[in-house]
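A structural walkthrough
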Amino acid sequence: MASRSFSQLLYCFSRATVRSGGCRRFSITPVDRATPQASTAADRATSPWSLMAAVCLQRLPVITADCSPIEQRFKQMLQQMDLEKSLLSDHELRLMEDAERMSRKQADDYDSDEEERHGDQEIMLTQDLVDTWEQRLKSFQPAPRVRADVDKDLTSVQRCLADSLVLLAKQQVGAEKLWLLPQAAWQEGETLRQTAERALDSVTAGFKATFLGNAPCGVYKYKLPKAARTESSVGTKVFFFKAVLADGAPGNAPNTPLLWVKKSELEKYLKPAYMMKVDRFILSL
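Cut-offs and rules
- Residue positions are counted from 1 within each chain, in the order its sequence is given.
- For a predicted model such as this one, the threshold for reporting local features is a pLDDT of at least 70, and the threshold for listing and counting side-chain atom pairs is 80 or more; totals across whole chains, interfaces and linings nevertheless cover every residue.
- By convention in this description, side-chain values take in all heavy atoms of the structure and omit both hydrogens and water.
- Disulfides are defined as pairs of cysteine sulfur atoms found within 2.5 Å of each other.
- Partly exposed residues are those whose accessible area sits between 20% and 50% of the maximum for their type, while under 20% is buried and over 50% is exposed, using a 1.4 Å probe and protein chains only.
- The criterion is simple. A nonpolar core is a set of buried Ala, Val, Leu, Ile, Met, Phe, Trp, Tyr and Cys residues joined through side-chain atoms within 4.5 Å.
- Helix and strand labels come from DSSP, where a helix needs a run of H or I of at least four residues and a strand needs a run of E of at least two; each type is numbered from the N terminus.
- Should a side-chain nitrogen of Lys or Arg be within 4 Å of a carboxyl oxygen of Asp or Glu, the pair is scored as a salt bridge.

With that settled, the discussion passes to the state of the cysteines. In total, this model carries zero disulfides according to the counting rule given. No disulfide involves Cys 56; its sulfur sits 6.4 Å from the nearest other cysteine sulfur, which is in Cys 217. The exposure class of Cys 56 is buried, given its relative accessible area of 0%.

Quick look at the nonpolar core now. Note that soluble globular proteins tend to have their nonpolar side chains buried in a common cluster. Core analysis: the biggest nonpolar cluster contains 21 residues, and Leu 168, Leu 181, Phe 240 and Tyr 274 have the highest contact counts within it. Elements represented by at least two residues in this core include exactly strand 1 (49-59), strand 2 (165-173), strand 3 (176-180), strand 7 (235-245), strand 8 (258-262) and helix 9 (272-278). Core analysis: the next-biggest nonpolar cluster, separate from the first, contains 18 residues, Ala 53, Ala 196, Phe 207 and Leu 258 among them.

What follows covers the pattern of salt bridges. With the rule as written, the count across this model stands at six salt bridges. Residue Lys 262 pairs with Asp 163 through a salt bridge whose shortest N-O separation is 4.0 Å. Note that Lys 262 is positioned in strand 8 and Asp 163 in the loop between helix 7 (148-151) and strand 2, a separation of 99 residues in sequence. Its relative accessible area of 30% is what places Asp 163 among the partly exposed residues. Salt-bridge contacts for Glu 197 lead to Arg 193; the nearest nitrogen and oxygen are separated by 2.9 Å. Within this pair, Glu 197 and its partner Arg 193 are both found in helix 8 (residues 192-203), separated by four residues, close to a single helical turn. Its relative accessible area of 28% is what places Glu 197 among the partly exposed residues. Taking relative accessible area as the criterion, Arg 193 reaches 23% and is therefore assigned partly exposed.

What follows is the structure, encoded as structure tokens:
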């Protein structure tokens with residue numbers, strides 16, 4: 001009797017909720033977990049867009065950049081403040097002590113007992129060190145910051161050491177060759193980052209690069225000409241990955257023509273639509 005009353009209660013509750021529209025009936029049919037994976041694979045196989053991955057390989061600055069006029073004035077101001085507020089070092093105190101001792105030695109009332117305590121070698125030792133250091137400084141020749149012959153060579157990774165450089169490779173796209181970031185077509189079974197790593201290996205030999213993450217930093221999409229479009233091939237999506245050059249001295253010659261250019265020089269080699277996408281994630285360090 002109790003069970004029958006409970007069934008009637010549930011029946012009345014379901015009728016009331018359905019009439020009020022407050023809740024919906026749910027099916028308890030088991031869900032096939034393999035369906036999303038199968039649909040994803042099917043969508044990928046039937047997608048009219050071909051996938052590619054490209055790598056933006058940067059060589060970071062090797063030396064510091066030249067100071068601007070305001071930076072130079074600020075630097076001189078800090079040096080002057082540091083000079084005015086700093087204390088004398090031990091070396092400077094010793095120089096002053098030696099100079100005072102020499103002046104006393106040349107005076108008429110000089111005490112000879114003081115000369116026996118210190119000796120002539122000790123009095124001149126500090127100044128001798130200063131003279132030796134100055135001679136070494138004069139013979140030192142620092143490496144030039146600007147090398148006109150190397151800076152004009154766009155194929156050299158050692159050019160423009162104070163700037164950040166980006167690697168460009170000449171690659172076949174359709175019937176023409178274009179300067180692009182190194183790229184390769186995606187293959188079944190590999191991630192987009194693995195495709196980008198393969199793209200870098202295909203155009204260079206001996207470069208050691210550090211990839212910055214597994215997610216792309218940008219994407220460029222273009223459609224094929226109308227005459228070349230089909231239902232299964234509409235265009236290409238290129239996903240960009242960032243990497244930093246770890247070794248600036250490759251051991252082998254490159255496999256394809258390469259250029260190392262600054263960000264300000266990219267527009268000379270890249271097409272405007274492609275340049276607009278690349279410019280968003282390249283930083284001028």
